[in-house]
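Chain residues, written in single-letter form:
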Amino acid sequence: MVITKANTSKRIIYEINGYPAAQEYARLVGKEVHELSPTVFSEFPVMLKIGGNYYVRSIMTANKDGSLTFYCAIEEGLVLVLGKGEHIIEQLDSYLDKISKKVNTKVILACECILRRLELENKGLTDQASEVMKKYNV
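Here is a short report on the structure shown in this document. Small disclaimer: the values here were computed from a predicted structure and weren't measured.

Take the sheet that holds strand β5 (residues 53-57) next. Reading across from one edge, β5-β4-β8 is the order of the 3 strands in this open sheet, with antiparallel pairing throughout. Both edges of this open sheet fall to β5 and β8 (80-82), since each of them pairs with a single strand only. Between one strand and the next, the sheet's axes are offset by a mean angle of 40°, whatever the strand orientation.

Time to look at the environment of D127. As for its position among the elements, D127 is in helix α5 (residues 126-135). Classification of D127 by relative accessible area gives exposed; the value is 62%. In this structure, the C-alpha to C-alpha distance between D127 and I59, residues 68 residues apart in sequence, is 25 Å.

The next thing to look at is helix α4 (residues 114-122). Of the residues making up α4, those classed as buried are L115, L118, E119 and L120. Against α2 (38-43), β6 (59-62), α3 (88-102) and α5 lie the buried residues of α4. Phi turns positive one or two residues past the end of α4, at G124, with a value near 65°.

Inspection of every chain in the model, using the stated rule, returns 8 salt bridges. Where D93 meets K135, a salt bridge forms, and the shortest distance between an N and an O atom there is 3.0 Å. Here D93, found in helix α3, pairs with K135, found in helix α5; they are 42 residues apart in sequence, far enough to count as distant. For K135, a relative accessible area of 53% gives the class exposed. Here E112 and R117 are joined by a salt bridge, their closest N and O atoms 2.9 Å apart. When its relative accessible area of 58% is taken as the criterion, E112 is described as exposed. What emerges from the salt-bridge pattern is a single network uniting E112, R117 and E121.

Most peptide bonds are trans, and most residues other than glycine sit at a negative phi. One non-glycine residue, R11, lies in the positive phi region at around 60°. Within the secondary structure layout, R11 lies in the loop between β1 (3-7) and β2 (12-16). The exposure class assigned to R11 is partly exposed, which follows from its relative accessible area of 35%. Of note, the phi angle at N17 is positive, near 55°, even though the residue is not glycine.

In this section: the pairing of β1. With 4 bridges joining them, β1 and β2 adopt antiparallel strand pairing. Note on β2: the bridge partner recorded for A6 is I13. In this antiparallel pair of consecutive strands, β1 and β2, the connection spans 4 residues, and R11 shows a positive phi of 60°.

Let us now look at the nonpolar core. If you look at the biggest cluster of nonpolar residues, it comprises 25 residues, and the most contacted ones within it are I13, Y25, L68 and F70. The set of elements that each furnish at least two residues to this core consists of β1, β2, α1 (21-29), α2, β4 (46-50), β7 (68-70) and α4. If you tally residues by element for this core, the top one is α1, at 5 residues. Excluding anything up to four places from it in sequence, L68 contacts R11, I12, I13, I16, A21, A22, Y25, I59, T61, A62 and N63.

Thresholds applied
- Residues numbered from 1 in each chain as written.
- Predicted model: local features only at pLDDT ≥ 70, side-chain atom pairs only at ≥ 80, totals over all residues.
- Heavy atoms only, no water.
- Pairing = 2+ DSSP bridges.
- Helix = DSSP H or I, 4+ residues; strand = E, 2+ residues; numbered from the N terminus.
- Axes fitted to C-alpha atoms, helices over the stretch in contact; angles between N-to-C directions.
- Buried < 20%, exposed > 50% of the residue type's maximum accessible area, 1.4 Å probe, protein only.
- Contact = heavy atoms within 4.5 Å.
- Salt bridge = Lys/Arg side-chain N within 4 Å of Asp/Glu carboxyl O.
- Core = buried A, V, L, I, M, F, W, Y, C linked by side-chain atoms within 4.5 Å.

See below:
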């Protein structure tokens, strides 16, 4: 997905691939525009690849004018890929295990992503995620 029209300062994307942003995103995830919600955004995150690593660019809302507002920085010309969350608990445990082996830590300070929180809640996995974080003193 290429951001073809955006307002960087307001974090609004008006067009993706030359089409209204909400319409194109909905098409790519197999939904109708009226179905777009934080739950859908958490199930189908958009990601930006930088230096071999993927970074989620979280969508805040689908707007009445067909645009999408993001929580994070965006700009025209960025190429985004559509993700699909899988095995969130196993991935969390694996990631924290790698960090704890690479760096000798007593505590890990982490920032929570609202859409990951929604994914955990929707899947009934908040207690399991909490246990994994306790294991690594997050």
